[in-house]
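# Fold and geometry: a report
Residues per chain are reported as follows:
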Amino acid sequence: MYPANFDYKRPATVDEAVALLAQHGDDAKLLAGGHSLIPAMKLRLARPKVVVDIGRISNLSYIREAGGRIAIGAMTTHQEIADSKLLKDKCPLLPETASHIGDVQVRNKGTIGGSLAHADPAADYPAAILALEAEIEVAGPKGRRTIRAEDFFVDLLQTAIAGNELITEIRVPVTARTVAYVKTEQKASGFALAGVAVVLSSSGARVGVTGIGAKAYRALGVEQALGGQKSPNAIAQAATHAADGVEPLGDIHASAEFRAHLAQVNTRRAIERAAARG
Ligand SMILES: Cc1cc2nc3c(=O)[nH]c(=O)nc-3n(C[C@H](O)[C@H](O)[C@H](O)COP(=O)(O)OP(=O)(O)OC[C@H]3O[C@@H](n4cnc5c(N)ncnc54)[C@H](O)[C@@H]3O)c2cc1C
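Criteria and thresholds
Residues numbered from 1 in each chain as written. Predicted model: local features only at pLDDT ≥ 70, side-chain atom pairs only at ≥ 80, totals over all residues. Heavy atoms only, no water. Helix = DSSP H or I, 4+ residues; strand = E, 2+ residues; numbered from the N terminus. Buried < 20%, exposed > 50% of the residue type's maximum accessible area, 1.4 Å probe, protein only. Contact = heavy atoms within 4.5 Å. Areas by Shrake-Rupley, 256 points an atom, 1.4 Å probe, with all protein chains shown as cover. 1 Å grid on protein atoms, 1.4 Å probe; cavity = no way out; pocket = protein on both sides within 12 Å on 5 of 7 lines; lining within 4 Å. Points joined across faces, edges and corners; volume = space filled by probe spheres on them. Core = buried A, V, L, I, M, F, W, Y, C linked by side-chain atoms within 4.5 Å. Phe/Tyr/Trp six-rings, centres within 6.5 Å; stacked < 30°, edge-to-face > 60°. Lys NZ or Arg CZ within 6 Å of the ring centre and 35° of its normal. Pairing = 2+ DSSP bridges. Axes fitted to C-alpha atoms, helices over the stretch in contact; angles between N-to-C directions. Near = heavy atom within 4 Å. Polar contact = N/O pair within 3.5 Å; in protein donor to acceptor, adjacent residues only side chain to side chain. Sits in = over half its atoms within 2 Å of the grid points. Nonpolar A, V, L, I, M, F, W, Y, C, P; charged D, E, K, R; others polar. Left-handed = near helix turned anticlockwise from the far one by under 90°.

A tally of regular secondary structure across the protein chain gives 12 helices and 14 strands. Its C-alpha atoms give the protein chain principal-axis dimensions of about 60 × 45 × 35 Å. Within the protein chain, the fraction of its 278 residues that count as buried is 50%. If you take every contact in the protein chain between residues at least 6 apart in sequence, the share linking residues at least 24 apart comes to 62%. Accessible surface, the protein chain: about 13000 Å² in total, of which carbon and sulfur atoms supply 49%.

Following this line, the structure appears as structure tokens:
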């Protein structure tokens, strides 16, 4: 199926992109890697009148250390993140998560900014972004602002970004190697039926979960139950809280009960794996 007709704009700078969003309002959609937007347009689930292609904005694709954090441009592809030596050395959870996304084609075209903005409930990055307590920088008509990961995912396919803003940068902390991402995937697409990202530190665990509910979440019940404990029993007990307070989604790929079960199993495995890397 072909998309409905649309105008195509190709800004050279972030300011030009923001001006186009301001000019066209709800009629405009940003195009990054196109791996979520183009299928939605072909199915006529999205019918933007103006497509704003940000793929030629040169300074949106980078991975660099800045101010004790790692800054990642919004147009950086999943494969660039999976391959980054800087991230593997200083924030290994993100490349580990990126390597789980889709297939080679998806990883070479899809971008971290596009994935976060799309906020698919089964996307991989949101679990890691939450566990890392990342920051998401967006640009809009009033300049730049920073959104904390915990405030970013609002509901199914909904984020805290306004329609006239675009993500410019994602910032993640430097961490120890005691991290892990464990996912059970939907076999055809690779999307997560249950994906769990864990960051362990001396002060305890941070656990991000994707694929279970309408949006990714921090499993605070797990974090509180685990505290600083590392015994197999304590980990197994804490993991039973992985879907506390969440309404799991059921669909043709997995029932709600199965997703809740997978959340617990993958939480236990992710904590065990992270601890074993210490
Ligand atoms: C076959 C297949 C398998 C996949 N498997 C997985 C998987 O296993 N795990 C996974 O996580 N994902 C998976 N994906 C999704 C993939 O990761 C996409 O790349 C991602 O969801 C969207 O990124 P994109 O750069 O392609 O964005 P696009 O499709 O270009 O855009 C997606 C949305 O985000 C908006 N947008 C894009 N960039 C920005 C920005 N900088 N600021 C604000 N809004 C922006 C667009 O307007 C659009 O609404 C799969 C996709 C396909 C087609």
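So that's the structure; there's more coming.
A separate point is empty space enclosed by the protein. Counted by the stated rule, this structure contains one cavity of 30 Å³ or more. The calculated volume of the largest cavity comes to roughly 40 Å³. Every residue along the wall of the largest cavity is listed here: Ala119, Asp120, Pro121, Pro126, Phe153, Asp155, Thr210, Ala214, Lys215 and Ala216.

Time to look at the nonpolar core. Counting residues in each nonpolar core, the largest one holds 38 residues, and the members touching the most others are Leu94, Leu116, Ile129 and Val172. Examining the composition of this core, we find that six residues originate from one element, helix α8 (residues 125-131), more than from any other. Residue contacts for Leu116: discarding those within four places in its chain leaves Tyr125, Pro126, Ile129, Ile136, Phe152, Phe153, Thr159, Ile167 and Ile170. Listed in part, the 26 residues of the second largest apolar core include Leu226, Ala243, Ala263 and Ile271.

Let us look at the packing of aromatic side chains. Following the criterion strictly, the structure yields one aromatic pair and no others. Judged by centre distance (5.0 Å) and plane angle (85°), the rings of Phe152 and Phe153 are edge-to-face. According to the relative accessible area criterion, Phe152 is buried, its value standing at 0%. Of the residues examined, Phe153 reaches a relative accessible area of 6% and is grouped as buried. Taking NZ or CZ as reference, Arg64 lies 3.7 Å from the ring centre of Tyr62, over its face.

Across the sheet, five strands lie side by side as β4-β5-β10-β6-β7; this open sheet has antiparallel pairing. For this open sheet the edge positions go to β4 (63-66) and β7 (143-148), each flanked by a neighbour on one side alone. On average, each strand axis in the sheet is inclined to that of its neighbour by 25°, with strand direction left out of account. Both β4 and strand β5 (residues 69-73) contribute to a ladder of four bridges, which runs antiparallel.

The immediate surroundings of the ligand are formed by 29 residues, with Leu30, His35, Leu37, Thr111 and Asp124 found nearest. Here an oxygen atom of the ligand and a backbone polar atom of Gly34 are 2.8 Å apart. When the ligand sits alone it has 980 Å² of accessible area, and the protein chains cover 90% of it. More than half of the atoms belonging to the ligand lie within 2 Å of the grid points that define the largest pocket. Mapped by element, the contributors of at least two residues to the shell around the ligand are β2 (28-31), α7 (112-118) and β10 (166-173). Per element, the largest residue contribution to the shell around the ligand is four residues, and it comes from α7. Considered class by class, the residues forming the shell around the ligand number 13 nonpolar, 13 polar and three charged.

Turning our eyes to something else, we now look at the pairing of β7. Judged from the six bridges that link them, strand β6 (residues 135-140) and β7 form a sheet pairing that is antiparallel. Paired with Glu135 across the strands is Arg148, a residue of β7. Two successive antiparallel strands, β6 and β7, enclose a turn made up of two residues.

What follows is about the packing of helix α11 (residues 232-239) against helix α12 (residues 256-276). Pairs of packed helices are described in terms of their axes, by the angle between the two and the distance that separates them. Two elements in contact, α11 and α12, have axes separated by 8 Å at closest approach and are oriented at 145°. By crossing handedness, the relation of α11 to α12 is classed as right-handed. Contacts between α11 and α12 involve Ile235, Ala236 and Ala239 from the former and Gln264, Thr267, Arg268, Ile271 and Glu272 from the latter. Residue composition of the contact of α11 with α12, by class: four nonpolar, two polar and two charged.

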